[in-house]
Amino acid sequence: MKNKELLKIISEEADVFFQKMGFESRVFVEEKNDEGVSVAVDLDEPHVLIGKRGETLFSCQHILSKLIRKKTDKEIIIDLDINEYKKRKIDFLKEKAKNLADEVVLKKTEKELEPMPPYERRIVHMALSERKDVTTQSYGQEPQRKIIIKP
């Protein structure tokens, strides 16, 4: 991608997107290594656009991606984060996975996590993938799909 003009268009589109919804925002756009674009937004009232378990945030990300695709005629992966919600969620999930895995090893018993959306399950699986003392497995049907950590 490496196109500053394209990054400028994405930034402007994100600004307009949030303004039209009545939010004053500060948008920071950065190219990611995997050909995607990170769009970080700071808002005064982020909870409205994050929603329950980040559902509204993911909807905003989807809509913003469609708007940018229409404007640029390019398939660009947009990773929208509002007030670092996703970053904090990822850090929390990694820490929780590590702590539960330690408990599984110590007690030699399985641990079942609460139902999670696919992106959260992926974070847990990835966080524990390097460990040789535990395994992870997803089971169940959406939206009640869960992870179990086993010794």
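Residues numbered from 1 in each chain as written. Predicted model: local features only at pLDDT ≥ 70, side-chain atom pairs only at ≥ 80, totals over all residues. Heavy atoms only, no water.

A. Region of interest: the nonpolar core. By size, the foremost hydrophobic cluster in this structure holds 23 residues, and its most contacted members are Val-39, Leu-80 and Ile-82. The element best represented in this core is helix α1 (residues 4-20), accounting for six residues. In this structure Leu-80 touches Phe-18, Val-39, Val-41, Leu-57, Cys-60, Gln-61, Leu-64 and Lys-86, once residues within four positions along its chain are discounted. (Core = buried A, V, L, I, M, F, W, Y, C linked by side-chain atoms within 4.5 Å. Buried < 20%, exposed > 50% of the residue type's maximum accessible area, 1.4 Å probe, protein only. Helix = DSSP H or I, 4+ residues; strand = E, 2+ residues; numbered from the N terminus. Contact = heavy atoms within 4.5 Å.)

B. Layout of unusual backbone geometry. A cis amide bond links Glu-142 to the next residue, Pro-143, at an omega of 0 degrees. In this fold, Pro-143 is placed in the loop between β5 (135-139) and β6 (146-150). Positive phi outside glycine occurs at Arg-53, with the angle close to 55 degrees. Along the chain, Arg-53 falls in the loop between α2 (47-50) and α3 (55-72). Taking the relative accessible area as the measure of exposure, Arg-53 reaches 36% and is therefore partly exposed. Phi is positive for Asn-83, which is not a glycine, with a value near 50 degrees.

C. Seen up close, the sheet that holds β6. Across the sheet, three strands lie side by side as β4-β6-β5; this open sheet has antiparallel pairing. Across the chains shown, the open sheet's two edge strands, defined by having one partner strand only, are β4 (111-112) and β5. One ladder, built from five bridges, connects β5 with β6; its direction is antiparallel. The residue of β6 that forms the bridge with Thr-135 is Lys-150. Along the sheet, helix α4 (residues 85-107) makes contact with β4 and β6, crossing β6 at roughly 40 degrees. (Pairing = 2+ DSSP bridges. Axes fitted to C-alpha atoms, helices over the stretch in contact; angles between N-to-C directions.)

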